[in-house]
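Residues per chain, in single letters:
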Amino acid sequence: MADMQDYLDDSFAEIEIEGVPNLEDGVEIFFNEEGEGTLGFDPDEEFEVAFDSNLAEYLDSGELGKIGSKLISAYEDDLHSRQDWYETFKDGLELLGIKSDPRSEPFQGSSGVYHPLLAEAVTQFQAQAYKELLPSGGPVDTQVMGKVTDPKLLQANRVKNFMNYQITYKMEEFDPEMDQLLFYLPLSGSAFKKSCYDPTMGRAVSRFIKSEDLVVPYYTTDLVSTPRITHVLHMTENDLLKLKRSGFYRDTPTMSPGLTQESVVQEKIDELDGLSPSNSDREFTLLEVHVELDIAGFEDTDNIGEPTGIALPYIVTICRDTREVLSIRRNYAEQDPLRKKIEYFTHFKFLPGLGFYGFGLIHMIGGVTKSATSILRQLIDAGTLANLPAGFKSRGLNIQRADDPIQPGEWRDVDTPGGTIRESFMPLPYKEPSGTLANLLGVLVDSGKRFASVIDQGGAESNPNAPVGSTIATLERGQRVISAIHKRLHYAQRTEFKILKRIFGEVLPPEYPYQVQGAQQTVFREDFGNQVDVIPVSDPNIFSTTQRIILAQTQLQMAQSAPQVHNLKAAFRKMYLALNIKDIDDILLPDVSPTPKDPIQENQDSLTNVPLQAFIQQNHDAHIQTHISFSQNPATAQNPAAVQALNAHIQQHQALKYRIQVEQLLAQQGVQLPQPGPDGQMPQIPPEYENQIAIAAAQATQQITGQEQALQQAMEVPDPQREMYEQQMALESEKLRLREKEVDQKGQLELEKIDSQERQTDVKIAADLREVELRDERSADTNLTNLARIVKESREQQ
């Protein structure tokens, strides 16, 4: 606290009593000979000002006047330094085409349309960014700093839920003002948000600030290092009076504000909106200056109390209309030995630009849009003139209204000698719209769209059978600009959330219960410490839903191609999330812990791509032999995925069998292997115990290997009984083969006999048919002979 005695006069420091709302401790009323009362401080008493007090209440009018004049002059210089950027932005607002120009040149009613390139680019960007930065579930996510523990995870979850609750439900201005910011940002190139605690609303707020309402010095590069930030506020007389009566501002004499003086940009915006300020729209203009000052009586001091001359951070509010300083407040933490300024502003940039203010689409493609508009108007005007021809018609030698331009469809009288009707009309030589101009317009529009990423480069026309990596590379190449802008917005939003987190940690009570849909939750002030960091939900590497779906689809395809090494359920869940599907748990089957299965069921599961799991209590030799035999089945061999899954499962059984063998041998030596926990993770063991296990395991492994080798050699030694059994089996096999051959021979003879009988039957049938045919022929011959005889006899009788 500063000692006021350092800057008072020899006896008293007098301040006019009028306008001071309350008397602080140590302040007394003194009267002069005329009976006029003044406030003063007793120099014999040491007096300290509360840290969060309005220091303007304790400074004389002369000191306040110097501070106010200095800061207003600096603000006007800062305004002048950005005038060119300001004018470019103002002129470019017309290119949105919100209001068509009524033109009389080159003829009355000529086209005043604007090309929609700029408006389309702004709208496309706003729609895409709004969905990514403000998802329906809340824009805030958290991550644990340092070692991850269960208490830290619970703390991070509390912070995330509370901040999303505040932003989504309590901070009603957050969503609409962020929506407006994302439309304003691509036009101006810079937009700002101010996050602070609003005592009148009793909660934190995050307000959108237009670039013309936040002014910094010419040499500023960023908000953190700048020595001065001026926030231009517009306040009604009633709101200003409330803040004065509450003690937040000095209670200075209030004057009626003049007509609101709007900036040239605001005037242009009002013109596009069709609005104009009226006499009743009277507001005060306040300058809230975040600046470093060395104020007499409140200087920075060293260890022995001597002033260091170092300027400290303050927030000074000045009424520009009356040039009165309304408040001066410290802008650093009371316990901060470094006196670092507290940040309230977040800078959202569209493109970095060449200085502090970013460049927007107006600056980058404004010229292209202007040229496209000019060519579009020429094409429309040319079509109008071609469709409505105009010219001269004869009427003597005198031309009427020779100085007036000819309108489309107008035929003006010309005094000429008489002649034919054809010779009395002369159309003006208007041409059809130029094809060259149309092609040039297309080149300009394509150039502007490529820069602004209005169109999806290669996304819609990509080959669905192309490799996924090539598709993603093509998509990203066409969206480089929007991807870089999205990363800047992600960084800016993270800065904004950090400021809000700090505010919540300062203003919340030690324990704050709040209600959400279906439950009541509690957050603690200590949750907003350095153990948890807040980040946006948006991914800086994924800038669109299309890219998110492609990546999720790629993961799903890879998981389906090798299900034995992937979690298919997690892959499907990510795909549903990318598609923004609700109630995913109602679609996916619940998680079921694996249970031991018999080898037959495991063989069946391998054919249907069900994951296989071995358990330590199973008979591993029997399972291994069953799976090996099944994998050698020709039908199974035609399913490579099943064979691969069985081979991996066999390796599991062999690994568990090896562990059992080692545990049995180590148990004989009094050494116990560490057992995995419920989550399957092995516990950490001391190095000396690990070395003991390694030595014992080496011996046990060597012994197991020797036993396996001996068993294999024993299997290779000739066994007389086995040889006799194999010979007997060979004889039985030979007998069975001969019996089958004999049966085959008998069957063949029967078939030949049947064939012979069938052939004899066919021959007999053929002979019978021939005999019938011969009989029929003899009968027919006899009939003919008798008929001839009868005819002959009849003739002879005649």
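Residues numbered from 1 in each chain as written. Predicted model: local features only at pLDDT ≥ 70, side-chain atom pairs only at ≥ 80, totals over all residues. Heavy atoms only, no water.

Caption draft 1: Representation of the overall build of the protein chain in the model. Across its full length, the protein chain holds 20 helices and 18 strands. Counting the 798 residues in the protein chain, one finds 36% classified as buried. Intrachain contacts of the protein chain at a sequence separation of at least 6 include 65% that bridge at least 24 residues. Surface exposure of the protein chain reaches about 48,200 Å², of which carbon and sulfur atoms provide 52%. (Helix = DSSP H or I, 4+ residues; strand = E, 2+ residues; numbered from the N terminus. Buried < 20%, exposed > 50% of the residue type's maximum accessible area, 1.4 Å probe, protein only. Contact = heavy atoms within 4.5 Å. Areas by Shrake-Rupley, 256 points an atom, 1.4 Å probe, with all protein chains shown as cover.)

Caption draft 2: Highlighting the nonpolar core. Ranked by size, the top nonpolar core spans 53 residues in total, and within it M163, L489 and L500 carry the most contacts. Within the residue set of this core, elements represented by two or more residues are α3 (117-133), β4 (140-144), α4 (150-170), α5 (174-188), β6 (203-209), α8 (361-387), α11 (480-507) and β18 (532-536). Looking at this core element by element, the count peaks at nine residues for α11. What L500 contacts, discounting residues up to four positions off in sequence, is M163, I167, M171, F174, S195, A204 and V205. Among the nonpolar cores identified, the runner-up in size contains 26 residues, and F51, L64, Y75 and V232 belong to it. (Core = buried A, V, L, I, M, F, W, Y, C linked by side-chain atoms within 4.5 Å.)

Caption draft 3: Spotlight on the side chain of K501. Its location among the elements puts K501 in helix α11. D533 provides the closest opposite charge to the buried, unpaired K501, separated from it by 5.8 Å. (Lys, Arg positive; Asp, Glu negative; His and termini not counted. Salt bridge = Lys/Arg side-chain N within 4 Å of Asp/Glu carboxyl O.)

Caption draft 4: A look at the pairing of β4. Burial along β4 is one-sided: the residues V140, T142 and V144 are buried and none of D141 and Q143 is. Note that β4 and β18 share five bridges and pair antiparallel. Following the sheet pairing, V140 is matched in β18 by P536. (Pairing = 2+ DSSP bridges.)

Caption draft 5: Region of interest: the sheet that holds strand β5 (residues 190-198). Taken together, the three strands give an open sheet; going across it, the order is β6-β5-β12, and neighbouring strands pair in antiparallel fashion. Across the chains shown, the open sheet's two edge strands, defined by having one partner strand only, are β6 and β12 (345-349). Neighbour-to-neighbour, the strand axes of this sheet turn through a mean angle of 20°, independent of strand direction. Bridge count between β5 and β6: seven bridges; the pairing is antiparallel. Within the sheet, the bridge partner assigned to C196 lies in β6 and is V205. (Axes fitted to C-alpha atoms, helices over the stretch in contact; angles between N-to-C directions.)

Caption draft 6: Inspection of the pattern of salt bridges at higher detail. Tallied over the full model, the rule gives 17 salt bridges. Put simply, D527 and R158 hold a salt bridge, and the shortest N to O gap is 2.8 Å. In this pair, D527 sits in the loop between β17 (519-524) and β18 while R158 sits in helix α4, placing the two residues 369 residues apart along the sequence. Taking relative accessible area as the criterion, D527 reaches 2% and is therefore assigned buried. Members of the salt-bridge network, linked through shared partners, are R494, K498 and D533.

Caption draft 7: How the structure looks around the environment of V537. Within the element layout of this structure, V537 appears in the loop between β18 and α12 (545-561). Residue classification places V537 among the partly exposed residues on the basis of a relative accessible area of 40%.

Caption draft 8: Spatial organisation of the pairing of β17. Relative to β17, strand β16 (residues 511-516) is paired through six bridges, and the arrangement is antiparallel. Bridge assignment links Q515 to a residue of β17, and that residue is Q520. Counted between consecutive antiparallel strands, the loop separating β16 from β17 contains two residues, among which G518 sits at a positive phi close to 85°.

Caption draft 9: Quick look at the packing of α12 against helix α13 (residues 568-578). In contact at an axis separation of 9 Å, α12 and α13 are set at 165° when each is read in the N-to-C sense. One finds that α12 runs roughly antiparallel with respect to α13. When the axes of α12 and α13 are compared, the crossing they make is left-handed. Taken together, the residues of α13 that come into contact with α12 (itself represented by T545, R548, I549, A552, Q553, Q555, L556, A559 and Q560) are L568, A571, F572, K574, M575 and A578. In the contact of α12 with α13, the residues fall into nine nonpolar, four polar and two charged. (Parallel < 35°, antiparallel > 145°, perpendicular 65-115°, else oblique. Left-handed = near helix turned anticlockwise from the far one by under 90°. Nonpolar A, V, L, I, M, F, W, Y, C, P; charged D, E, K, R; others polar.)

Caption draft 10: Spotlight on the packing of aromatic side chains. One pass over the structure, following the stated rule, counts 16 aromatic pairs. Between F504 and F528, the aromatic rings sit 6.0 Å apart at their centres with planes inclined by 50°, giving tilted as the arrangement. Taken together, the positions of F504 in helix α11 and F528 in the loop between β17 and β18 put the pair 24 residues apart, joining distant regions of the chain. By the burial criterion, F504 is buried, and F528 matches it. Put simply, the rings of F162, Y165, Y169, F504, Y512, Y514 and F528 touch in pairs and so form one group of aromatic residues. Above the face of the Y344 ring, R502 is positioned so that its terminal group lies 5.6 Å from the ring centre. (Phe/Tyr/Trp six-rings, centres within 6.5 Å; stacked < 30°, edge-to-face > 60°. Lys NZ or Arg CZ within 6 Å of the ring centre and 35° of its normal.)

Caption draft 11: Geometry of the environment of F284. Its place among the elements puts F284 in strand β9 (residues 284-293). Along the chain, F284 and L240 lie 44 residues apart, while their C-alpha atoms are 8.1 Å from each other.

Caption draft 12: Seen up close, the sheet that holds β9. Spatial ordering of the open sheet is given by β7-β8-β9-β10-β11, a layout of five strands whose pairing is antiparallel. What marks the edges here is a single partner per strand, and that holds for β7 (214-215) and β11 (324-330). The pairing of strand β8 (residues 228-235) with β9 spans eight bridges and is classified as antiparallel. Looking at β9, one finds that V232 is bridged to L287. Sheet strands in contact with helix α6 (residues 237-245) are β8, β9 and β11, and its direction is about 115° off that of β8.

Caption draft 13: A look at the packing of helix α16 (residues 620-631) against helix α18 (residues 640-668). Between α16 and α18, the shortest axis-to-axis distance is 9 Å and the interhelical angle comes to 160°. On the basis of their axis angle, the class for α16 and α18 is roughly antiparallel. Read as a crossing pair, α16 and α18 show a hand that is left-handed. Mapping the contact onto sequence places H620, D621, H623, I624, H627, I628, F630 and S631 in α16 and V643, L646, H649, I650, H653, Q654, L656, K657 and I660 in α18. Split by residue class, the contact of α16 with α18 holds eight nonpolar, seven polar and two charged.

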